[in-house]
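So the chains spell out like this:
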Amino acid sequence: MQREISPFQPRRMTGKALERFDHYFIENEKKVTSAPPPFEILLDDEWSVPAPEFGLLPENPQSKIELAKGINEALKGRFDEVMHDIGLWSWITLRYADKVVRNAGGKWAPSSDVNYRLASEHELYKDSGIHQYRHRVWGPAYLYHLHGEASRALLSNDMTKLGEGFDAVMWYNVATRPVLQAIDLLFFDGEAGKVEGDFRPPARRPGEFRKGSIREFVEHVRQVGYAYSLHRVSPLKLIEGLSEQEFGPYLRNARKRLANGNLPEGMVPVETAA
Amino acid sequence: MRFRSIANVTLFGKLEIGDGNVRVEQKVSERGMPYLTVTFVGMEDFPVSLDASVDVIVKNNVLNEQTHHTVGSWETVLKAGGDLKPIRLARELHPGRTEIIVQFSDENGVILAETSGLRLSSDEDGDAGEGGGMSFIVFRRKEEQVFPIRGILEPEGPVIELGAYSPPLKACEKDFGIVAFGLPSAIRQIVTSLIADDAVLETPRWDMMRSAAAKWARCDDWKDVVDLSSQDRLGLNGAVDRVVEGFLKAGEVQKRLKDLAKDADFGNEEGECKDAA
């Protein structure tokens, strides 16, 4: 008797399927459309082949971190091996297209095609303009692969969006453990389980206060990085120079969490509050 | 508020480690696993505390990934004669888009000293990137090789191998004969084989080789170079001639040749030519 294959068992798209998949995202790039992604090719053996070496993907992830964690678990520690596997990542992306290709109103609204189509290893190494981490499925899974639960603050926003904080941390290549812990401590609301301050700050005139966004905190971190090793510094050192006027609500959140012992993943308990 | 406090300054100026004092190389083990070797040279009297922590930070700017490898205290490094244990890498690094920082810090994470950002050598003996911007070609020397220089197609990328009678590797880029005649003939060998051979050579380094060759031949892409070689008028030799000619006309090569020609001894009044005359 043939065992039924779960629809959440990862598969690899064939060349023909990849063409169809690419065509959809190129054709509908930055459009709001009534045309759904080509779901009909998802489970058809003519368009994809099962990858039984992996575990089951999460059925209905409700957040970016749930998705990222679930994919990493399904890959069974083999992320590095399949990092550039376009057939596999395209299939996983189509599997979750229902979650990542919609706009706030629930309409199909693909953003730039490179946010869904993985570049080949050649393209990635050849073209310095490709930012692979911006891929809506691969990017969160990659950050989770590198930092696990310590990355939760950057993976707690809308699944359809990359997130300003995530973009800033990756763009400046400062995703070290203390930096992620400091972001978690400041911006992650432990009780509500959601991130605050993940917005694009408006342009400022000289002398104006910053708005206290994650992106502005990353700028601050880069300054501290000239004097302190971003791999060895305490997360508290990273936040101690922030001003109340600019980061007040987030500093209060950090103090509250420190007082309650609600620390980011891997952070050593400390006696002094920020 | 007209100013903003960033951090408490605990040290006024960190020490800079000279590029010549640290050598970082990427190698590949027999099992195909990439690793880094880091060697400190002439730093026995470097003025940092013996218990300072030494870290090697690898900034992979292709994948926007920053990793750090704790080596131990400066004392342990000095005791090991300046050689660090090989650092295993999860994946091969792009020589041009990787920054390696060797950092000394105290127990609070304050940076005491660091390198300004090291460039990665891509194989055993280094590459030609410093001179000709060709980081995709690996240069190496093989004592048992009888040819002065030859171009080789390896699955990972192009290799130029110098023989027993060639100058030492580092001296080659200052050798007029090697730059003017050896290098072009090795490139000729590589490009000819690349056009004639059907081998599937699909790596980033081969991509860069093909794209450089196309640029030297004033073609849009590699396919055009191959097309040239199948034209009756040019043929394989003609197409390769165009690549090599373009290489020799490239700005960096021209400049290097002019500089070397000034210093070279071509048999002037004190040389053999005069004696012969």
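This next bit is on the environment of E99 of chain B. Looking at the element boundaries, E99 of chain B is found in strand β7 (residues 98-105). Taking the C-alpha atoms as reference points, E99 of chain B and N61 of chain B, 38 residues apart in sequence, are found 7.6 Å from one another.

Residues and elements named next belong to chain A. The domain boundaries assigned to chain A delineate domain 1 (1-160) and domain 2 (163-274). On a C-alpha basis, the centres of domain 1 and domain 2 stand 29 Å from each other. Counting residues at the interface gives 13 residues for domain 1 and 19 residues for domain 2. Residues belonging to the side of domain 1 that touches domain 2 are distributed by class as follows: 6 nonpolar, 5 polar and 2 charged.

Before going further, it helps to spend a moment on the sheet that holds strand β3 (residues 34-40) of chain B. Residues and elements named next belong to chain B. Spatially, β2-β3-β6 is the arrangement adopted by the 3 strands of the open sheet, whose pairing is antiparallel. Either end of the sheet is taken by a strand with one partner, and the two such strands are β2 (22-28) and β6 (87-88). Sheet topology places β2 next to β3; 7 bridges connect them, and they run antiparallel. From the neighbouring strand, E25 faces β3, where its bridge partner is T37.

Once that is clear, we can look at helix α7 (residues 235-249) of chain B. All names here are of chain B. For α7, spanning 15 residues, the distance from its first C-alpha to its last is 21 Å, which sits close to the expected 21 Å at 1.5 Å a residue. Among all positions in α7, only A239, V240, R242, V243 and F247 are buried. Seen from one end, α7 has its buried residues packed into an arc of 150 degrees, which puts them on one side. Relative to its buried face, α7 has exposed residues pointing more than 90 degrees away, namely N237 and K249.

Now for helix α2 (residues 64-74) of chain A. Residues and elements named next belong to chain A. Along α2, the positions that sit buried rather than exposed are K64, I65, L67, A68, K69, G70 and I71. Elements that come into contact with the buried residues of α2 comprise α4 (86-95) and α7 (138-147). Positioned one or two residues after α2, K76 has a phi angle of 55 degrees, which is positive.

In terms of domains, chain B is made up of domain 1 (15-115) and domain 2 (127-263). Summarising the inter-unit geometry, the C-alpha centres of domain 1 of chain B and domain 2 of chain B are found 32 Å apart.

As a further point, take the interface of chain A and chain B. Across the boundary between the two partners, chain A contributes 29 residues, which contact 30 residues of chain B. Of all the secondary-structure elements, those providing two or more residues to the side of chain A that touches chain B are α6 (121-126) and α10 (214-224) of chain A. Ranked by residues supplied to the side of chain A that touches chain B, first place goes to α6 of chain A with 4 residues.

Turning our eyes to something else, we now look at the packing of helix α6 (residues 222-229) of chain B against α7 of chain B. All names here are of chain B. For the pair α6 and α7, the least separation of the axes is 7 Å and the interaxial angle reads 140 degrees. In terms of their interaxial angle, α6 and α7 are classed as oblique. Residues V225, L228 and S229 of α6 pack against G235, L236, A239, R242 and V243 of α7. In the contact of α6 with α7, the residues fall into 5 nonpolar, 2 polar and 1 charged.

Confidence in the prediction for chain A averages 91 pLDDT; 97% of positions are at 70 or higher. Looking over chain A, one finds the lowest element-wise mean pLDDT in α6 of chain A, namely 82, and the highest in α4 of chain A, namely 97.

The bulk of non-glycine residues show a negative phi, and the bulk of peptide bonds are trans. In this structure, N173 of chain A takes a positive phi of about 50 degrees despite not being glycine. For N173 of chain A, the location among the structural elements is in the loop between α8 (164-171) and α9 (177-187). We classify N173 of chain A as partly exposed; it has 16 C-beta atoms within 10 Å. Here the phi dihedral of R218 of chain B falls at roughly 60 degrees; this positive angle occurs in a residue that is not glycine. Within the secondary structure, R218 of chain B is located in the loop between α5 (204-216) and α6. Residue R218 of chain B is classed as partly exposed on the basis of its C-beta count, with 13 C-beta atoms lying within 10 Å.

Further remarks concern the pairing of β7 of chain B. Residues and elements named next belong to chain B. Burial runs high along β7: 7 of the 8 residues are buried. Bridge count between strand β4 (residues 53-60) and β7: 8 bridges; the pairing is antiparallel. Pairing of D55 across the sheet is with Q103, part of β7. The sheet contact formed by β7 and strand β8 (residues 111-115) spans 3 bridges and is antiparallel. Bridge pairing in β8 links F104 to A113.

Calculation criteria
- Residues numbered from 1 in each chain as written.
- Chains lettered and ligands numbered in written order.
- Predicted model: local features only at pLDDT ≥ 70, side-chain atom pairs only at ≥ 80, totals over all residues.
- Helix = DSSP H or I, 4+ residues; strand = E, 2+ residues; numbered from the N terminus.
- Domains from an automatic or database assignment.
- Contact = placed C-beta atoms within 7 Å.
- Nonpolar A, V, L, I, M, F, W, Y, C, P; charged D, E, K, R; others polar.
- Pairing = 2+ DSSP bridges.
- Expected span 1.5 Å × (residues − 1).
- Buried ≥ 20, exposed ≤ 12 C-beta atoms within 10 Å, placed from the backbone.
- Arc of directions from axis to C-beta.
- Axes fitted to C-alpha atoms, helices over the stretch in contact; angles between N-to-C directions.
- Parallel < 35°, antiparallel > 145°, perpendicular 65-115°, else oblique.
- pLDDT = per-residue confidence, 0-100.

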